[in-house]
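Structure assessment
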Amino acid sequence: MAYDKGGRKSEKVLYNRRIRRFRKFILITVAAACLIPTLICIILSIRFDRLKTDYNQTKADLDWYRERFGDEMEILAEESEDKNSPGAFGENPDIDYTDVDVIGAQNPEDIEGTRYVYLTFDDGPSVYTEEILDILKEKDVKATFFVCGKPKYEDSYKRIVDEGHTLGMHSYSHKYSDIYASPEAFHDDLKKLRVFLYENTDTMSKYYRFPGGSSNNVSKADMNELVGILDNEDITFFDWNVSAGDDKAGATKDVICANIVNNIPKFKHCIVLMHDAADKKATVEALPEIIDAINGMEDTVMVPITDDTLPVQHIKNN
């Protein structure tokens with residue numbers, strides 16, 4: 001009898017253990033069934049928010065480009081009309097800038113020593129600004145950003161300044177018909193951008209690049225008057241003597257890289273024009289290779305524009 005009681009007691013203990021284990025298993029299963037979908041929802045929500053942010057930024061860039069150039073059909077119509085005419089804005093990568101009459105940083109044969117290369121980016125910030133800044137940070141290179149007024153990219157303006165790059169101005173709206181309508185319109189746009197940048201970065205920018213360059217063919221205002229406005233504000237304007245050609249349709253990574261790397265040896269002071277825009281992915285892809293190639297050139301350094309930089313200035317539109 002004692003054995004039977006002991007055996008039954010042992011079986012009961014084992015049974016209770018199995019019951020407890022089974023309960024734990026059920027609880028774990030139920031918890032997992034609740035947690036896993038919850039985690040999946042959280043992950044999807046985070047990814048959705050990121051995609052939504054990227055979408056909104058891309059849409060903002062697209063709206064800005066449509067405001068600047070018109071919608072897609074208008075652009076195609078203009079391209080068809082101007083197919084055989086020279087570029088309106090003077091940003092032609094086929095130009096040999098050693099033959100262009102410029103003021104300032106030319107390439108006299110008697111200049112010896114270090115070659116200075118200034119990488120500059122127009123039109124930003126954009127969806128690619130952060131990636132450009134990441135590449136520059138990884139390569140330990142400082143550049144110059146000639147930016148427009150885009151309130152949705154406040155963090156990008158701050159990062160440009162915080163990481164030691166030069167913040168230049170490229171008009172608030174970049175809308176040629178407005179900026180170049182008159183000297184007063186140009187001055188209003190300039191003040192708007194300068195105040196906007198100061199409010200976002202605590203930096204009073206002293207450098208400017210005219211949309212289309214100082215030799216553009218579209219300004220209704222006398223460019224000498226606009227230069228005078230900049231002079232009165234103690235602002236120096238910069239054009240370029242090396243162009244990436246990334247403003248041309250179909251410009252590839254290899255073409256952009258070749259346009260820059262093959263032309264830098266022609267000058268001791270190289271102001272390199274590139275673009276930071278939503279449709280300039282190829283420029284971002286080419287940037288690491290461009291930097292590596294420049295680093296491999298003898299007696300050549302990459303620096304941001306400063307007060308000591310010799311400006312490249314094209315012939316002004318008189």
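Right above here is the structure, for reference.
Residues numbered from 1 in each chain as written. Predicted model: local features only at pLDDT ≥ 70, side-chain atom pairs only at ≥ 80, totals over all residues. Heavy atoms only, no water.

Glancing now at the pairing of strand E8 (residues 269–275). Most of E8 is tucked away: 7 of the 7 residues are buried. Here E8 shows two buried faces, one formed by His269, Ile271, Leu273 and His275 and the other by Cys270, Val272 and Met274. Where strand E7 (residues 242–243) and E8 come together, 2 bridges link them in parallel fashion. In the sheet register, Val242 faces E8, and the bridge partner there is Val272. A crossover links E7 with its parallel partner E8, the connecting element being helix H8 (residues 253–261), and its sense is right-handed. (Buried < 20%, exposed > 50% of the residue type's maximum accessible area, 1.4 Å probe, protein only. Helix = DSSP H or I, 4+ residues; strand = E, 2+ residues; numbered from the N terminus. Pairing = 2+ DSSP bridges. Right-handed = clockwise from strand over helix to strand, strands pointing away.)

Scanning all chains against the criterion turns up 11 salt bridges. The residue Asp122 makes a salt bridge to Arg209 at a minimum N-O spacing of 2.8 Å. Of this pair, Asp122 sits in strand E2 (residues 115–122) while Arg209 sits in the loop between strand E5 (207–208) and helix H7 (223–232), and the two are 87 residues apart along the sequence. The exposure classification of Asp122 matches that of Arg209, with both residues buried. (Salt bridge = Lys/Arg side-chain N within 4 Å of Asp/Glu carboxyl O.)

To continue, consider the packing of H8 against helix H9 (residues 281–295). In the contact formed by H8 and H9, the axes pass within 8 Å of each other and the chain directions differ by 40°. Between H8 and H9, the angle falls in the class oblique. As for how H8 packs across H9, the hand of that crossing is right-handed. Residues Lys253, Ile256, Cys257, Ile260 and Val261 of H8 form the contact with H9, whose own contacting residues are Ala282, Thr283, Glu285, Ala286, Glu289, Ile290 and Ala293. Classifying every residue of the contact of H8 with H9 by side-chain character gives 8 nonpolar, 1 polar and 3 charged. (Axes fitted to C-alpha atoms, helices over the stretch in contact; angles between N-to-C directions. Parallel < 35°, antiparallel > 145°, perpendicular 65-115°, else oblique. Left-handed = near helix turned anticlockwise from the far one by under 90°. Contact = heavy atoms within 4.5 Å. Nonpolar A, V, L, I, M, F, W, Y, C, P; charged D, E, K, R; others polar.)

This brings us to unusual backbone geometry. Cis geometry marks the peptide bond from Gly124 to Pro125, where omega comes out at -5°. Note on placement: Pro125 falls in the loop between E2 and helix H3 (129–139). Backbone geometry at Asp123 places phi at a positive 85°, although glycine is not the residue there. For Asp123, the position within the fold is in the loop between E2 and H3. Here Asp123 falls in the buried class, since its relative accessible area comes to 2%. The phi dihedral of Ser171 is positive, around 85°, even though this residue is not glycine. Its relative accessible area of 0% is what places Ser171 among the buried residues.

Turning our eyes to something else, we now look at the environment of Pro288. Counting through the fold element by element, Pro288 comes out in helix H9. Spatially, the C-alpha atom of Pro288 lies 9.4 Å from that of Ile132, the residues being 156 residues apart in sequence. Not counting residues up to four positions away in its chain, the partners in contact with Pro288 are Ile135 and Lys139.

What follows is about the nonpolar core. With 57 residues, the main nonpolar core has Leu119 and Phe210 as its most contacted residues. At 7 residues, H9 tops the list of elements feeding residues into this core. Discounting chain neighbours no more than four positions away, the residues touching Phe210 are His170, Tyr180, Phe186, Met223, Leu226, Val227, Leu230 and Phe237. Judged by nonpolar contacts, the second largest core, of 9 residues, contains Phe146, Phe238, Ile305 and Val312. (Core = buried A, V, L, I, M, F, W, Y, C linked by side-chain atoms within 4.5 Å.)

Once that is clear, we can look at H3. Along H3, the positions that sit buried rather than exposed are Thr129, Ile132, Leu133, Ile135 and Leu136. All buried residues of H3 lie within an arc of 160° about the axis, which places them on one face of the element. The exposed residues of H3 that point more than 90 degrees off its buried face are Lys137 and Glu138. Buried residues along H3 sit against E2, strand E3 (144–147), helix H4 (154–162) and H9. In the stretch just after H3, Asp140 is the one whose phi turns positive, near 55°. (Arc of directions from axis to C-beta.)

Residue alternation in E3 divides its side chains into two sets, Thr144 and Phe146 and Phe145 and Val147, and both sets are buried. With 3 bridges joining them, E2 and E3 adopt parallel strand pairing. Opposite Asp122, over in E3, you have Phe146 as the bridge partner. After leaving E2, the chain enters H3 and then returns to the sheet as E3, a path that is right-handed.

Mapped onto the elements of the fold, Phe210 is located in the loop between E5 and H7. Remark: the alpha-carbon pair of Phe210 and His174, spanning 36 residues in sequence, is separated by 9.1 Å.

Moving on: helix H6 (residues 183–201). Between the first and last C-alpha of H6 there are 27 Å, a value that for 19 residues agrees with the 27 Å anticipated at 1.5 Å per step. Those residues of H6 that sit buried are Pro183, Phe186, Asp189, Leu190, Leu193, Arg194, Phe196, Leu197, Asn200 and Thr201. Each buried residue of H6 lies within a common arc of 165° when the element is viewed along its axis, so the set occupies one face. Among the exposed residues of H6, those pointing more than 90 degrees away from its buried face are Glu184 and Glu199. Close packing links the buried residues of H6 with E3, H4, strand E4 (166–169), helix H5 (176–179), E5 and H7. (Expected span 1.5 Å × (residues − 1).)

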